[in-house]
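Spelled out, the chains give:
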Amino acid sequence: MIIQEMLAQVRNLDSGDYAECGVYQGMSAEIIAASKHQDSFLYLFDTFKGHIGHGEFDHETSHPDGNYSDTSLEQVKERLKAFPNVIIISGDIRKGILNVLDGRKFRFVNVDVDLYEPTYAAIKFFKSHMVSGGIMRLDDYRIDDCPGATKAADELLEEINFVGHQVSWWTA
Ligand SMILES: C[S@@+](CC[C@H](N)C(=O)[O-])C[C@H]1O[C@@H](n2cnc3c(N)ncnc32)[C@H](O)[C@@H]1O
């Protein structure tokens with residue numbers, strides 16, 4: 001299922017906000033923002049300084065720390081300024097910043113941070129913050145150069161009957 005089909009599916013749910021971990025220059029964030037209900041919130045998380053957290057489970061040469069640093073919070077804010085209720089939060093998602101969302105529930109979460117540690121942090125937080133019928137999309141699952149992200153998903157999602165999808169942006 002491509003991202004637009006997932007977004008169409010969750011639009012019919014009664015409630016729930018939207019979130020993305022791994023925003024870069026805001027391409028997928030713009031797709032989500034354009035699809036969401038105006039009164040739902042979209043929370044966007046990124047370091048805006050590129051990857052942080054490359055470790056032992058990640059591809060040796062792909063996705064080094066600092067990759068995807070050619071962006072900024074201001075640039076993404078400008079790109080998304082037409083959309084209401086978009087909150088952009090800058091920081092390392094391994095460091096507890098997702099806890100600002102405690103108490104909120106989500107209908108759609110896009111996890112696209114490529115590396116084991118931040119993927120683990122994102123899935124661990126959001127798996128208990130989804131509404132019934134909500135979709136957590138894992139951009140990097142089973143992608144060859146994202147073994148850490150795949151491992152994080154396999155470790156955390158086993159018990160909730162997760163079915164992984166590999167989706168390319170260029171066909172989305
Ligand atoms: C592949 S890019 C995201 C692409 C984006 N979804 C798009 O549509 O273009 C991965 C992003 O993950 C972010 N990232 C990596 N490690 C992170 C961490 N520890 N905390 C927050 N963001 C992180 C990087 O800064 C980068 O912008």
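Relevant structure appears above.
Residues numbered from 1 in each chain as written. Predicted model: local features only at pLDDT ≥ 70, side-chain atom pairs only at ≥ 80, totals over all residues.

Visitor: Just to check I follow, could you spell out the sheet that holds strand S3 (residues 86-90) for this structure?
Guide: What links the strands of a sheet is backbone hydrogen bonding, and the strands pair in either a parallel or an antiparallel sense. Spatially, S3-S2-S1-S4-S5 is the arrangement adopted by the five strands of the open sheet, whose pairing is parallel. Each edge of the open sheet is held by one strand with a lone partner, namely S3 and strand S5 (130-138). Neighbour-to-neighbour, the strand axes of this sheet turn through a mean angle of 15°, independent of strand direction. Two elements, strand S2 (residues 42-46) and S3, share five bridges in a ladder whose sense is parallel. (Pairing = 2+ DSSP bridges. Helix = DSSP H or I, 4+ residues; strand = E, 2+ residues; numbered from the N terminus. Axes fitted to C-alpha atoms, helices over the stretch in contact; angles between N-to-C directions.)

Visitor: Would you mind showing me how to read the nonpolar core here?
Guide: Nonpolar side chains tend to gather and get buried jointly when the protein is soluble and globular. Of all hydrophobic cores here, the largest spans 42 residues; its most connected members are Ala-19, Leu-42, Phe-108, Val-111, Ala-122 and Phe-126. For this core, the leading source of residues is helix H4 (residues 116-126), giving seven residues. Not counting residues up to four positions away in its chain, the partners in contact with Phe-108 are Met-6, Leu-7, Val-10, Tyr-18, Ile-32, Gly-134 and Ile-135. (Core = buried A, V, L, I, M, F, W, Y, C linked by C-beta atoms within 7 Å. Buried ≥ 20, exposed ≤ 12 C-beta atoms within 10 Å, placed from the backbone. Contact = placed C-beta atoms within 7 Å.)

Visitor: Would you mind showing me how to read the pairing of S5 here?
Guide: Taken residue by residue, a regular strand's side chains alternate between the two faces of the sheet. Bridge count for strand S4 (residues 106-111) against S5 is five bridges, and the pairing is parallel. What sits directly across from Asn-110, in S5, is Arg-137. Note on the crossover from S4 through H4 to S5: the handedness is right-handed. (Right-handed = clockwise from strand over helix to strand, strands pointing away.)

Visitor: In this structure, what is going on with the packing of helix H1 (residues 3-11) against helix H2 (residues 27-35)? I would like to understand it.
Guide: Packed helix pairs are characterised by how far apart their axes lie and by the angle those axes make with each other. The N-to-C vectors of H1 and H2 enclose an angle of 30°; their axes lie 10 Å apart at closest approach. Relative to H2, H1 is oriented roughly parallel. In terms of crossing hand, the pair formed by H1 and H2 is right-handed. The residues of H2 that touch H1, namely those facing Ile-3, Gln-4, Leu-7 and Arg-11, are Ser-28, Ile-31, Ile-32 and Ser-35. Across the contact of H1 with H2, the residue classes break down as four nonpolar, three polar and one charged. (Parallel < 35°, antiparallel > 145°, perpendicular 65-115°, else oblique. Left-handed = near helix turned anticlockwise from the far one by under 90°. Nonpolar A, V, L, I, M, F, W, Y, C, P; charged D, E, K, R; others polar.)

Visitor: I would appreciate a short explanation of the pairing of S4 in the present structure.
Guide: In terms of residue burial, S4 counts as a mostly covered element, since six of its six residues are buried. Relative to S4, strand S1 (residues 17-21) runs parallel, the two sharing five bridges. Each bridged residue has a counterpart across the sheet, and for Cys-21 the counterpart in S4 is Val-111.

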